[in-house]
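# Summary of structural features
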2 protein chains.
Amino acid sequence: MKMEDMILISVDDHVVEPADAFEKHAPDKYKDQMPKIVKGTQGEDLWKVEDISFPNMALNAVAGRRPEEYGMEPTSYEQLRKGTYNVQARVDDMNANGILASLNFPSVPGVCGQNLEKVKDKALAYAIVQTWNDWHILEWCGAAPGRFIPLGIVPTWDPVLAAEEVKRIAKLGCHAITFPPNPSMTGQPSIQSEKWDPLWKACADNNVNICMHIADPSGAVPSMDSPVDVFMTNMPVSLYSTASDLTFSPILRKYPDIRFSLSEGGSGWIPHFMERADFVNAHHVWTNQNFGGLKPSEVFRKHCFNCFIEDPVAVKLRDDIGIDTMMWECDYPHSDSTWPKSPELLWESMKTISAQEVNKITHLNAMRAYSFDPFLHIEKADATVGALRAKAEHVYLGYTDTSKAAGIPPSQHDGVVTFGDILQQLAGLHTVASKD
Amino acid sequence: MKMEDMILISVDDHVVEPADAFEKHAPDKYKDQMPKIVKGTQGEDLWKVEDISFPNMALNAVAGRRPEEYGMEPTSYEQLRKGTYNVQARVDDMNANGILASLNFPSVPGVCGQNLEKVKDKALAYAIVQTWNDWHILEWCGAAPGRFIPLGIVPTWDPVLAAEEVKRIAKLGCHAITFPPNPSMTGQPSIQSEKWDPLWKACADNNVNICMHIADPSGAVPSMDSPVDVFMTNMPVSLYSTASDLTFSPILRKYPDIRFSLSEGGSGWIPHFMERADFVNAHHVWTNQNFGGLKPSEVFRKHCFNCFIEDPVAVKLRDDIGIDTMMWECDYPHSDSTWPKSPELLWESMKTISAQEVNKITHLNAMRAYSFDPFLHIEKADATVGALRAKAEHVYLGYTDTSKAAGIPPSQHDGVVTFGDILQQLAGLHTVASKD
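Predicted model only: the values in this text are computed from it and were never measured.

## Here we look at the overall build of chain A
Broken down by element type, chain A carries 15 helices and 11 strands. Computed over the C-alpha atoms, the radius of gyration of chain A is 21 Å, within 12% of the 22 Å expected from 2.2 N^0.38 for a compact globule of 436 residues. Within chain A, buried positions represent 64% of all 436 residues. Considering only contacts within chain A whose residues lie at least 6 apart along the sequence, 76% involve residues at least 24 apart. Carbon and sulfur atoms form 52% of the exposed surface of chain A, whose accessible area is close to 15500 Å². Distance from the positive charge centre (39 side chains) to the negative charge centre (57 side chains) of chain A: 4 Å.

## Some points on the confidence of the model for chain A
All names here are of chain A. Summing up the model confidence of chain A, the mean pLDDT is 93 and the portion of residues at 70 or higher is 95%. Throughout residues 406-411 the model reports pLDDT below 50, and contacts reaching past four residues in sequence, or to other chains, amount to 17 contacts. Note that residues 431-436 has pLDDT below 50 and, in this model, 17 contacts with residues that lie over four places away or in other chains. The ipTM, which scores confidence in the relative placement of chains, is 0.96 for this predicted complex, and the corresponding pTM is 0.96.

## Comments concerning the pairing of strand S8 (residues 209-213) of chain A
Residue and element names in this part refer to chain A. Counting buried positions along S8 yields 5 of 5 residues, so the element is predominantly enclosed. Both faces of S8 are covered, namely the face carrying Asn209, Cys211 and His213 and the face carrying Ile210 and Met212. Across 3 bridges, the pairing between strand S7 (residues 176-178) and S8 is parallel. Paired with Ala176 across the two strands is Asn209, which belongs to S8. Following the backbone out of S7, through helix H4 (residues 197-205) and into the adjacent parallel S8, one traces a crossover that is right-handed.

## Observations regarding the interface of chain B and chain A
Between chain B and chain A, the contact holds 66 residues from the first and 67 residues from the second. Buried area between chain B and chain A, both sides added, is near 5500 Å², and the carbon and sulfur share of it is 59%. Contact with chain A buries area across many residues of chain B, yet Thr233(B), His272(B) and Trp286(B) alone supply 13% of it, more than any other trio. Our count for the chain B to chain A interface comes out at 4 salt bridges. A salt bridge links Asp320(B) to Lys316(A); the nearest nitrogen and oxygen atoms lie 2.6 Å apart. Elements supplying a minimum of two residues to the side of chain B that touches chain A: helix H5 (228-234), helix H6 (238-247), helix H8 (270-283) and helix H10 (312-316) of chain B. With 9 residues, the single largest contributor to the side of chain B that touches chain A is H8(B).

## Overview of the packing of aromatic side chains
Each aromatic ring pair is summarised here by two numbers: the centre-to-centre distance and the angle between the ring planes. All names here are of chain A. Counted under the stated rule, the structure contains 32 aromatic pairs over all chains. On the numbers, 4.9 Å between centres and 85° between planes, the contact of Phe179 with Trp196 is edge-to-face. Remark: Trp196 occurs in the loop between S7 and H4 and Phe179 occurs in the loop between S7 and H4; sequence separation between them is 17 residues. Each member of the pair Phe179 and Trp196 is classed as buried. Judged by centre distance (5.0 Å) and plane angle (70°), the rings of Phe273 and Phe300 are edge-to-face. One end of the pair, Phe273, is in helix H8 (residues 270-283); the other, Phe300, is in helix H9 (residues 296-303), with 27 residues separating them in the sequence. In this structure, Phe273 and Phe300 share a single accessibility class: buried.

## Quick look at the packing of helix H3 (residues 159-171) of chain B against helix H4 (residues 197-205) of chain B
All names here are of chain B. Running from amino to carboxyl end, H3 crosses H4 at an angle of 15°, the nearest separation of the two axes being 7 Å. By the angle between their directions, the pair H3 and H4 is classed as roughly parallel. Our pair here, H3 against H4, has a crossing hand that is right-handed. On H4, the residues that touch Pro159, Val160, Ala162, Ala163, Val166 and Lys167 of H3 are Pro198, Leu199, Ala202 and Cys203. Looking at the contact of H3 with H4 residue by residue, the classes come out as 9 nonpolar, no polar and 1 charged.

Scoring rules and cut-offs
Residues numbered from 1 in each chain as written. Chains lettered and ligands numbered in written order. Predicted model: local features only at pLDDT ≥ 70, side-chain atom pairs only at ≥ 80, totals over all residues. Heavy atoms only, no water. Helix = DSSP H or I, 4+ residues; strand = E, 2+ residues; numbered from the N terminus. Rg over C-alpha atoms; globule rule 2.2 N^0.38 Å. Buried < 20%, exposed > 50% of the residue type's maximum accessible area, 1.4 Å probe, protein only. Contact = heavy atoms within 4.5 Å. Areas by Shrake-Rupley, 256 points an atom, 1.4 Å probe, with all protein chains shown as cover. Lys, Arg positive; Asp, Glu negative; His and termini not counted. Charge placed at Lys NZ, Arg CZ, Asp CG, Glu CD. pLDDT = per-residue confidence, 0-100. Pairing = 2+ DSSP bridges. Right-handed = clockwise from strand over helix to strand, strands pointing away. Buried area = accessible area lost by both parts, 1.4 Å probe. Salt bridge = Lys/Arg side-chain N within 4 Å of Asp/Glu carboxyl O. Phe/Tyr/Trp six-rings, centres within 6.5 Å; stacked < 30°, edge-to-face > 60°. Axes fitted to C-alpha atoms, helices over the stretch in contact; angles between N-to-C directions. Parallel < 35°, antiparallel > 145°, perpendicular 65-115°, else oblique. Left-handed = near helix turned anticlockwise from the far one by under 90°. Nonpolar A, V, L, I, M, F, W, Y, C, P; charged D, E, K, R; others polar.

The structure is reproduced here in structure tokens:
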């Protein structure tokens with residue numbers, strides 16, 4: 001196998017909603033109240049719904065910018081690479097990076113859909129969820145069959161409605177949802193609560209994979225003056241705690257067909273997690289856990305997929321992790337992304353393993369995880385890194401010129417950038433200028 | 001090499017202070033104000049100083065108890081195995097487990113010494129620190145030369161005094177201190193702060209290793225109704241965040257001779273941490289970090305030791321971790337401990353590697369890390385698992401009878417034990433019965 005022969009499905013990318021995302025599919029009753037783009041005092045674009053503004057219209061969507069600008073959040077569409085919000089440009093960017101298909105997490109609703117908990121009118125919030133899903137499934141994914149794995153959001157404040165929405169979108173061909181790795185973080189019932197059972201049941205019954213994307217920074221930021229590098233280094237492994245919370249919860253043992261994905265968590269820590277969970281379970285009999293003769297690691301491995309951007313240790317440990325659970329991601333357009341050199345970087349570790357193993361990690365496991373078959377629409381010969389890149393010679397891969405764009409100018413840090421610096425910068429992006 | 005030939009130094013065990021720990025070495029001025037044992041309403045033993053009572057006189061010191069009782073905190077000396085607080089009995093227990101030498105973390109002052117921040121009279125608190133250190137170094141470790149690695153505590157509220165105490169105890173032959181993995185957790189300056197520089201300098205200048213024991217549960221408890229197994233599974237990897245905070249701090253680059261230990265962190269996650277830190281540093285140039293041409297992983301590996309209880313993945317990854325940084329621990333008398341079967345369990349992975357590698361992990365690295373040479377006092381032939389166990393045939397290894405002991409009776413959980421259950425149980429142990 002050669003690098004050009006790989007077929008790549010990325011299971012963690014992000015879409016920035018275009019300004020018209022909530023127009024076409026909004027129900028008549030809520031058309032006027034849907035989220036809309038307004039201008040801030042400094043020319044930035046803000047999403048607004050009720051009296052809430054979401055200043056981070058494209059949090060961390062830095063693909064195509066100069067690496068020196070990565071820390072500065074884009075605040076208007078002018079500062080963004082078009083592929084972040086325009087589906088045809090996105091397909092171009094995927095081609096340029098040799099990527100066949102991609103699963104895209106939301107931006108306005110938050111990576112796990114939790115932002116919509118803030119909307120006070122819950123009927124409106126639910127309408128926004130459904131409008132986003134219709135836009136995402138029918139417009140964004142619908143625009144390029146075989147190129148996008150649909151990913152729904154659910155009302156994270158209502159397990160019963162969430163279950164209904166899962167059933168509805170499954171009928172539209174959507175077999176994945178995003179869900180908080182720790183819903184109790186925003187005051188919802190924890191994943192240990194039986195209140196979520198309707199949702200778990202709907203997912204298990206309808207073959208819908210629950211993607212838990214990194215989002216809980218509890219253990220990742222030792223202090224506000226920790227360098228931001230610390231936060232970035234630590235965030236993926238925050239899903240260790242989620243893996244553990246799932247494994248010892250009743251969920252995996254109660255719903256034999258349920259499947260989760262640990263999104264943007266990396267994979268190299270999983271063997272340590274599995275042996276630690278097994279040690280704890282074997283050693284601590286007083287906790288009254290009952291795995292019915294199985295080890296916690298066996299239960300975890302059956303139900304949970306993982307993915308990585310670049311993780312040579314994980315590839316080395318593929319037999320310990322479970323080769324059938326491993327997937328790959330690109331994280332476009334966030335700052336960890338390896339776009340547009342993903343194939344080159346991934347190949348460094350893929351070239352050390354068998355073609356069958358490469359295929360599992362690069363696309364076969366993702367197809368199984370998300371009940372997704374791109375080959376219904378695209379011939380395999382047209383799906384490889386080499387074939388896709390051949391179609392993308394016209395795509396501009398230089399840096400986006402953000403110097404004259406509207407929005408907050410990139411601040412110049414003269415020392416190490418701390419986590420507190422980033423919070424301050426984000427806090428500065430809150431002023432709505434125009435009335436509506 | 002055979003199992004019996006291993007020479008074992010455990011770099012993470014715990015001492016329960018005996019009732020007279022603060023008597024002999026207390027300065028006259030503070031003799032009456034030193035911590036002392038009083039009886040609680042339910043017959044439990046409590047440490048008391050000023051108006052503060054420390055009900056957890058032996059938090060989690062469950063060695064020798066029935067595994068079913070592990071979740072119940074011992075609350076009086078009668079409930080404890082004698083080896084937890086009596087040094088001769090401890091040496092017997094070490095012999096029975098084939099352990100040559102052991103590094104013991106404190107109980108009353110807290111595993112990192114932070115409990116003493118609560119003492120209002122800071123001169124008294126400092127006197128307690130010095131009294132504890134003198135007792136620990138001269139009495140506990142002094143009772144059995146070559147069998148204990150001295151470990152000091154420092155006034156965690158005062159970097160300058162902490163530096164002075166480091167210099168003082170180094171002269172007494174103590175080349176290790178315990179220090180919080182995240183001092184900002186209790187309101188002290190974070191490890192990023194220059195305020196700690198006097199302490200770091202004193203440690204670097206006096207060859208004193210800074211042990212950061214697991215203590216920060218920030219990311220380890222997703223919710224109060226998470227099973228306690230989740231907390232136990234997650235705690236070791238909480239030091240991932242500490243490793244990252246240290247690596248990107250100025251400390252390791254500023255003090256070439258400084259050395260840290262990640263205590264009770266396990267080791268199997270370290271290769272993932274190192275590749276992740278390197279990825280972040282290579283990928284995110286905007287954060288202004290300067291490693292002077294080195295990778296973060298190289299800086300980390302030079303300065304930081306790690307240890308594990310049972311961690312076959314870590315042994316498999318020893319070349320990625322760095323064989324010269326790996327140590328072993330027993331965690332006596334806490335519930336994770338493999339006592340009295342440590343050699344058997346450790347040997348499962350040691351038998352897969354070379355004798356030279358075994359020796360590094362089992363004792364040579366620990367000797368270097370803590371400037372400790374047991375062979376000044378004990379012949380090598382007398383230091384092996386086999387030789388020590390031969391001296392311990394009289395040691396009773398059955399269960400401690402705790403049924404009639406004073407203190408809170410073991411509560412009976414009829415379902416899965418949650419983290420919240422444990423907190424509730426601990427909160428119930430606060431009442432002081434006798435007036436002093």
